[in-house]
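What follows is the residue order along each chain.
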Amino acid sequence: MTVEQAKEERMNKAASFIAAFEKVRLELRDESLQEALGMTIDRLRELRDMQYLFDSGEKELIRLYDMYLPALLKIVQDAVKMETAGNYRAIVDMRARLKKTLATFRETLKHITAILPQDEIDQANAAAKARKAKEELEKSTGQ
């Protein structure tokens, strides 16, 4: 798979997860959970947009789309089911835990978004250092 194909696949996964989270957000009864999930969706959109610009961060993105986002989606879907169950104490506990989970997840998305351009900057710096070292070697050996 080419870099462009991998990028397109991740962009499609991002769009699918955004749509799935938007759907489940509308099913949540608690407004503060809707808001927290909405902020998480916004972070996911930012990450999707950064992926369009940069090719790096592949291993983080693979884990995100193959492991973390499916798990988070399941958690949120289970929360919707629990809200309809009627066990008040369990609902209050679940809402508190889900808000913390979403906040942690937003930080993770923020981190991944930040490293995408940094990886490419690091690669460019390494390539520049390698070129300079090669030029100095050629200069010192007379080649």
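Structure shown above.
A quick note: this is a predicted structure, and the numbers were derived from the prediction, not measured. (Residues numbered from 1 in each chain as written. Predicted model: local features only at pLDDT ≥ 70, side-chain atom pairs only at ≥ 80, totals over all residues. Heavy atoms only, no water.)

**Q** Honestly, the overall build of the protein chain in this entry has me stumped. Any pointers?
**A** A tally of helices and strands in the protein chain yields four helices and zero strands. The secondary structure elements of the protein chain, listed N-terminal to C-terminal, are α-α-α-α. The 143 residues of the protein chain split such that 32% are buried. Taking the intrachain contacts of the protein chain between residues at least 6 apart in sequence as the baseline, contacts between residues at least 24 apart amount to 76%. Of the accessible surface of the protein chain, which amounts to about 9200 Å², a share of 54% is contributed by carbon and sulfur atoms. (Helix = DSSP H or I, 4+ residues; strand = E, 2+ residues; numbered from the N terminus. Buried < 20%, exposed > 50% of the residue type's maximum accessible area, 1.4 Å probe, protein only. Contact = heavy atoms within 4.5 Å. Areas by Shrake-Rupley, 256 points an atom, 1.4 Å probe, with all protein chains shown as cover.)

**Q** Honestly, helix 1 (residues 3-27) in this entry has me stumped. Any pointers?
**A** Along an α-helix, residues three or four apart share an orientation, since each turn contains 3.6 residues. The first and last C-alpha atoms of helix 1 sit 36 Å apart over 25 residues, in line with the 36 Å expected at 1.5 Å per residue. Inspection of helix 1 places Ala 6, Lys 7, Arg 10, Met 11, Ala 14, Phe 17, Ile 18, Phe 21 and Val 24 among the buried residues, and these make up the whole buried set. Buried-residue contacts for helix 1 involve helix 2 (31-53) and helix 3 (58-85). (Expected span 1.5 Å × (residues − 1).)

**Q** What is the right way to look at the side chain of Thr 40 in this model?
**A** On the secondary structure map, Thr 40 appears in helix 2. Residues within four places of Thr 40 in sequence aside, it is in contact with Leu 72, Leu 102, Phe 105, Arg 106 and Leu 109.

**Q** Help me understand the packing of aromatic side chains, please; the structure alone is not making it clear to me.
**A** For any pair of aromatic rings, the description rests on two quantities: the centre-to-centre distance and the angle between the ring planes. With the rule as written, the count across this model stands at two aromatic pairs. Between Phe 17 and Tyr 65, the ring centres sit 6.4 Å apart and the planes meet at 20°, which makes this aromatic pair stacked. Taken together, the positions of Phe 17 in helix 1 and Tyr 65 in helix 3 put the pair 48 residues apart, joining distant regions of the chain. Here Phe 17 and Tyr 65 have matching classes, each one buried. (Phe/Tyr/Trp six-rings, centres within 6.5 Å; stacked < 30°, edge-to-face > 60°.)

**Q** Before we go on, may I ask you to explain the packing of helix 1 against helix 3 in this structure?
**A** The angle between the axes and the distance between the axes are what describe a pair of packed helices. Between helix 1 and helix 3, the least distance of the axes is 10 Å, while the angle of their chain directions is 15°. Judged on the interaxial angle alone, helix 3 and helix 1 are roughly parallel. For the element pair helix 1 and helix 3, the recorded crossing hand is left-handed. On helix 3, the residues touching Arg 10, Lys 13, Ala 14, Phe 17, Ala 20, Phe 21, Val 24 and Glu 27 of helix 1 are Glu 58, Leu 61, Tyr 65, Asp 66, Leu 69, Pro 70, Leu 72, Leu 73, Val 76, Gln 77, Val 80 and Glu 83. (Axes fitted to C-alpha atoms, helices over the stretch in contact; angles between N-to-C directions. Parallel < 35°, antiparallel > 145°, perpendicular 65-115°, else oblique. Left-handed = near helix turned anticlockwise from the far one by under 90°.)

**Q** For this particular structure, what's the right way to read the packing of helix 2 against helix 3?
**A** Axis separation between helix 2 and helix 3 bottoms out at 13 Å; the angle between their running directions is 160°. Here helix 2 is positioned roughly antiparallel relative to helix 3, judged by the angle of their axes. In the crossing of helix 2 with helix 3, the sense of the turn from one axis to the other is left-handed. Note on element contacts: helix 3 touches helix 2 through Leu 61, Leu 64, Tyr 65, Leu 69, Leu 72, Val 76 and Glu 83, opposite Leu 33, Leu 37, Thr 40, Leu 44, Leu 47 and Gln 51. A breakdown of the residues in the contact of helix 2 with helix 3 according to their chemical character gives 10 nonpolar, two polar and one charged. (Nonpolar A, V, L, I, M, F, W, Y, C, P; charged D, E, K, R; others polar.)

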